[in-house]
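Chain by chain, the residues:
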Amino acid sequence: MGYDFDTAIDRTGTWCVQWDGVSDRFGVDGLLPFTISDMDFASPPEVLDALQRRLAHGVLGYSDWRNDEFLSAIRHWFATRYATDIDTDRVVYAPSVLNQLSQLLRMWTEPGDGIVVHTPTYDGFLKAISGLGRELRGAPVGDTAALERQLARPGSKVLLLCSPHNPTGRVWTEAELTEFARLARTYGVAVISDEIHADFVHAESVPDGYRHLPWTRFGTGRWALITSGSKAFNFPALSGSYGIIGDPGDHAAFLRRMETAEGLASPAVLTLTAHVAAYREGGPWLDALTAYVAGNLRMVADRLNSAFPALGWRPPEAGYLAWIDLRPLGVDDEALQRELIEREKVAIMPGTTYGGAGFVRLNVGCPRAKAEQGTDALIRALGRLAS
């Protein structure tokens, strides 16, 4: 089946954070946005058809996520996509991945405890950790020695992975994940692995035959994998996620917390419907979309490196977020944002949002014509500022 990713869909006036909420972050309305990590593509037709059928039933009452259709669809996805068998008795459900993260941090840590993350870091992690009164302890991506130093510090209680990593798009190798697991055991820290970007690995950017490896393959002791199909299949507004918790006692404690203290026993039924359809029928759509987004990322690399050879920018290994190191150009972050907003009329996330001064994060999960507009605007702005 052919899929159309080139036709633009007008998202304005739909309560859309990326388009309608651009002034909240950038202070100006009407900017062309390349910001929050959702896509400008419609969800797969297979998912939309399933949602329409569910709505046609007409009754949207309380539902139970512990049903065979939902759980077997998750198991099917892990088996077919990652050659990994999972124990569905260890699955949990929550309104979002960040909600799961917050609940697990409340269960496994106390205020003041250290949460170790790779830097730069997804800003949702920064907000969750600081909002709960925990201490963020950062280690640069790729610096295993720095990671060990942080894990060895008194009070470090959790290693929070982003796998693949946001914002860099790094896909952790088997050797790296094995080492993370060893360090967690050595220093007695729990591991929470956020794998919401896992379905978007670009084969051309990683070693031949390599793919994302779920933490279920490495976890021992206290660990959780948290994820959702909403990122890859573009239905985050349906609000829903699931996780896998290794220890049976922790699994039971999480369920009690959600169903009693949090009052979240019933899921959003449409997100269950969307997950089942996506995981059972959406693979061909996702493969086509991943190839299209890879083309967008190659376009960014070609145009950017042609204009500024010193950058030598390479597309990420996963995702649709171009994390671009502009430090070789000596451009001031604030000056670049002024140029982008005031002259180019585009909204591109500054790297400082994630602790990466000298970087920008450009969302190219969109039709190619829009991705070209954003790339060309960035190049023009850099051309006026580069030393």
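Residues numbered from 1 in each chain as written. Predicted model: local features only at pLDDT ≥ 70, side-chain atom pairs only at ≥ 80, totals over all residues. Heavy atoms only, no water.

Sorry, what's going on with the overall build of the chain here?
Looking only at helices and strands, the chain has 14 helices and 11 strands in total. The globule rule puts the C-alpha radius of gyration for 387 residues at 21 Å, and the 21 Å found for the chain is close to it. With the principal axes as the frame, the chain shows a C-alpha extent of 60 × 55 × 40 Å. Summed over all atoms, the accessible surface of the chain reaches about 16000 Å², with 50% contributed by carbon and sulfur. (Helix = DSSP H or I, 4+ residues; strand = E, 2+ residues; numbered from the N terminus. Rg over C-alpha atoms; globule rule 2.2 N^0.38 Å. Areas by Shrake-Rupley, 256 points an atom, 1.4 Å probe, with all protein chains shown as cover.)

Before we go on, may I ask you to explain the nonpolar core in this structure?
Side chains of a nonpolar character, in soluble globular proteins, are inclined to be buried together. Among the nonpolar cores identified, the biggest contains 117 residues, and Trp215 and Ile324 are the most heavily contacted of them. With 10 residues, the top contributor of residues to this core is helix α12 (residues 283-307). Counting residues in hydrophobic clusters, the runner-up holds 9 residues, among them Val22, Phe26, Ile341 and Tyr354. (Core = buried A, V, L, I, M, F, W, Y, C linked by side-chain atoms within 4.5 Å. Buried < 20%, exposed > 50% of the residue type's maximum accessible area, 1.4 Å probe, protein only.)

Help me out: how do you make sense of the pairing of strand β6 (residues 190-194) in this one?
One face of the sheet, then the other: side chains in a regular strand alternate in exactly this way. For β6, the buried fraction is high: 5 of the 5 residues fall into the buried class. Where burial is concerned, the two faces of β6 agree: the one with Ala190, Ile192 and Asp194 and the one with Val191 and Ser193 are both buried. Pairing geometry for strand β5 (residues 156-162) and β6, over 5 bridges, is parallel. Bridged to Leu160 within β6 is Ile192. A crossover connection joins β5 to the parallel β6 through helix α8 (residues 174-187); in handedness this β-α-β unit is right-handed. Sheet analysis places β6 next to strand β7 (residues 223-227), joined by 4 bridges and oriented parallel. Paired with Ser193 across the two strands is Leu225, which belongs to β7. (Pairing = 2+ DSSP bridges. Right-handed = clockwise from strand over helix to strand, strands pointing away.)

Looking at this structure, I do not really get the environment of Leu159. What am I missing?
You can see Leu159 is positioned in strand β5. Here the alpha-carbon distance between Leu159 and Ser193, two residues 34 residues apart in the chain, equals 8.3 Å. Apart from the residues within four sequence positions on either side, Leu159 is in contact with Val116, Leu147, Leu151, Phe180, Val189, Ala190, Val191 and Ile192. (Contact = heavy atoms within 4.5 Å.)

What exactly am I supposed to notice about the pattern of salt bridges here?
Pairing between side chains becomes possible if they bear opposite charge and their charged atoms approach one another. Scanning all chains against the criterion turns up 24 salt bridges. Here Arg90 and Asp87 are joined by a salt bridge, their closest N and O atoms 3.7 Å apart. On the basis of relative accessibility, which here comes to 19%, the residue Arg90 falls in the buried class. The exposure class assigned to Asp87 is partly exposed, which follows from its relative accessible area of 39%. Among the salt bridges present, the one from Glu176 reaches Arg170, with a minimum N-O distance of 2.3 Å. Classification of Glu176 as buried rests on a relative accessible area of 17%. Overlapping salt bridges bring together Glu339, Arg343, Glu344, Arg380 and Arg384 as one network. (Salt bridge = Lys/Arg side-chain N within 4 Å of Asp/Glu carboxyl O.)

What am I meant to see in unusual backbone geometry here?
Both trends apply: most residues other than glycine have a negative phi, and most peptide bonds are in trans. Between Thr119 and Pro120 the backbone carries a cis peptide bond, its omega angle lying at 0°. With respect to the secondary-structure elements, Pro120 resides in the loop between β3 (114-119) and α6 (123-131). Cis geometry marks the peptide bond from Asn166 to Pro167; its omega dihedral reads 20°. Among the secondary structure elements, Pro167 is positioned in the loop between β5 and α8.

In this structure, what is going on with the pairing of strand β8 (residues 241-245)? I would like to understand it.
Summarising burial for β8: 5 of the 5 residues are buried, a large majority. For strand β2 (residues 91-94) and β8, the ladder comprises 4 bridges, and the chain directions are antiparallel. Paired with Ala94 across the two strands is Ser241, which belongs to β8. With 4 bridges joining them, β7 and β8 adopt antiparallel strand pairing. Within β8, the residue paired with Leu225 across the bridge is Ile244.

Just to check I follow, could you spell out the sheet that holds strand β10 (residues 346-350) for this structure?
The strands making up a sheet associate through hydrogen bonds between their backbones, and the pairing can be parallel or antiparallel. What the 4 strands build is an open sheet, ordered β1-β10-β11-β9; its pairing is mixed. The sheet terminates laterally at β1 (32-34) and β9 (321-325), the two strands that pair on one side only. Sheet twist, expressed as the average angle between the axes of neighbouring strands with direction ignored, equals 35°. Packed onto the sheet, helix α13 (residues 333-343) meets β10 and β11 (359-363) and runs at close to 160° relative to β10. With respect to the sheet, helix α14 (residues 368-385) is in contact with β1, β9, β10 and β11, its orientation differing from that of β1 by roughly 90°. (Axes fitted to C-alpha atoms, helices over the stretch in contact; angles between N-to-C directions.)

So what exactly am I meant to see when it comes to helix α3 (residues 45-57) here?
Within an α-helix, residues lying three or four positions from one another point in the same direction, as the helix has 3.6 residues per turn. The terminal C-alpha atoms of α3 lie 19 Å apart, and with 13 residues this matches the ideal 18 Å at 1.5 Å per residue to within 8%. Taken together, the buried positions of α3 are occupied by Glu46, Val47, Ala50 and Leu51. The arc that holds the buried residues of α3, viewed along the axis, is 135°, so those residues lie on one side. For α3, exposure combined with an orientation more than 90 degrees from the buried face picks out Gln52, Arg53 and Ala56. Buried residues along α3 sit against α11 (269-281) and α12. Gly58 occupies a position one or two residues after α3 and carries a positive phi of about 95°. (Expected span 1.5 Å × (residues − 1). Arc of directions from axis to C-beta.)

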